[in-house]
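Now for the letters of each chain:
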Amino acid sequence: MVDKMYASLEGGKTAIPDELIPRDPEDGTELMPWVRHPGFLEKSKYNEQYRMIRQFLDHWSGKKILFIELGVGRMTPMFIQEPFWQLTYQLPFAYYISINPKDALLPEAFEDKGHAIQEGIAEVFRDAVKLKEEENQSKD
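Keep in mind that what you see is a predicted model, and the values were worked out from it rather than measured.

## Notes on the overall build of the protein
Consideration 1: A tally of regular secondary structure across the protein gives 4 helices and 3 strands.
Consideration 2: In the protein, the order of α-helices and β-strands from amino to carboxyl end is α-α-β-α-β-β-α.
Consideration 3: For 140 residues, the compact-globule formula gives about 14 Å, and the C-alpha radius of gyration of the protein, at 23 Å, lies well above that figure.
Consideration 4: With respect to the three principal axes, the spread of C-alpha positions in the protein is 80 × 35 × 30 Å.
Consideration 5: By the burial criterion, 20% of the 140 residues in the protein qualify as buried.

## Re the sheet that holds strand β3 (residues 114-117)
Pairing between the strands of a sheet comes from backbone hydrogen bonds, and it takes one of two forms, parallel or antiparallel.
Consideration 1: Spatially, β1-β2-β3 is the arrangement adopted by the 3 strands of the open sheet, whose pairing is parallel. The two strands at the open ends of the sheet, each matched to only one other strand, are β1 (65-70) and β3. Strand-to-strand twist in this sheet, taken as the mean axis angle between neighbours without regard to direction, amounts to 10°.
Consideration 2: With 4 bridges joining them, strand β2 (residues 94-99) and β3 adopt parallel strand pairing.

## A short note on the packing of aromatic side chains
Consideration 1: For the coordinates displayed, the defined rule picks out 3 aromatic pairs.
Consideration 2: Between Phe 67 and Phe 84 the ring centres are 4.9 Å apart and the planes differ by 40°, which places this aromatic pair in the tilted class. Here Phe 84 lies in helix α3 (residues 81-90) and Phe 67 lies in strand β1, a separation of 17 residues in the sequence.
Consideration 3: Classification of Phe 67 by relative accessible area gives buried; the value is 7%.
Consideration 4: You can call Phe 84 partly exposed: its relative accessible area is 22%.

## With respect to the side chain of Asp 24
Consideration 1: Within the secondary structure layout, Asp 24 lies in the loop between α1 (2-7) and α2 (44-60).
Consideration 2: Polar contacts involving the side chain of Asp 24 include one to the main-chain amide nitrogen of Asp 27, which spans 3.4 Å.

## Quick look at the pattern of salt bridges
Any two side chains of opposite charge can pair if their charged atoms end up close together.
Consideration 1: Per the stated rule, a full pass over the model turns up 4 salt bridges.
Consideration 2: The residue Glu 48 makes a salt bridge to Arg 51 at a minimum N-O spacing of 2.5 Å. Pair noted here: Glu 48 and Arg 51 are both in helix α2, with a separation of 3 residues, about one helical turn.
Consideration 3: As a salt-bridge pair, Glu 135 and Lys 139 come within 3.8 Å of each other at their nearest N and O atoms. Pair noted here: Glu 135 and Lys 139 are both in helix α4 (residues 121-139), with a separation of 4 residues, about one helical turn.
Consideration 4: The class for Lys 139 is exposed, based on a relative accessible area of 61%.
Consideration 5: Counted as one network, the salt bridges with shared partners bring together Lys 132, Glu 135 and Lys 139.

## Some thoughts on the environment of Gly 120
Consideration 1: Residue placement: Gly 120 occurs in the loop between β3 and α4.
Consideration 2: It is 12 Å that separates the C-alpha atoms of Gly 120 and Gly 73, two residues lying 47 residues apart in sequence.
Consideration 3: Discounting residues that sit within four places of it in the chain, Gly 120 has contacts with Ile 99 and Pro 101.

Thresholds, definitions, all that
Residues numbered from 1 in each chain as written. Predicted model: local features only at pLDDT ≥ 70, side-chain atom pairs only at ≥ 80, totals over all residues. Heavy atoms only, no water. Helix = DSSP H or I, 4+ residues; strand = E, 2+ residues; numbered from the N terminus. Rg over C-alpha atoms; globule rule 2.2 N^0.38 Å. Buried < 20%, exposed > 50% of the residue type's maximum accessible area, 1.4 Å probe, protein only. Pairing = 2+ DSSP bridges. Axes fitted to C-alpha atoms, helices over the stretch in contact; angles between N-to-C directions. Phe/Tyr/Trp six-rings, centres within 6.5 Å; stacked < 30°, edge-to-face > 60°. Polar contact = N/O pair within 3.5 Å; in protein donor to acceptor, adjacent residues only side chain to side chain. Salt bridge = Lys/Arg side-chain N within 4 Å of Asp/Glu carboxyl O. Contact = heavy atoms within 4.5 Å.

Quick look at the structure:
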């Protein structure tokens, strides 16, 4: 496919013919390279998931919400980190926890509404279980 598109540019042409542009088999829209922007995710599954999270947030926005980010890196912060940060900042009873050995971040704007844990997920959960067991033993 790429070879055909490249060949169509011979002789100084600067546009690829429409018939060589890859298209989505569902709706015929032009496909795009894998790039970091919201457009590459917006299909029926994305729209359904977006509707569900909107309903969840509309229902719970005035109540306590905990956003837990597990192992999210910095490659595409606009899809997980930044929306969680924005929601934590905006929602009055939201709290945010990031767990990542090197990329756990907490913006200063809401440092009183979150916690960044720079450890591996397995260690954090192992420690949480240990603390809970110790708490239960002290009650006995």
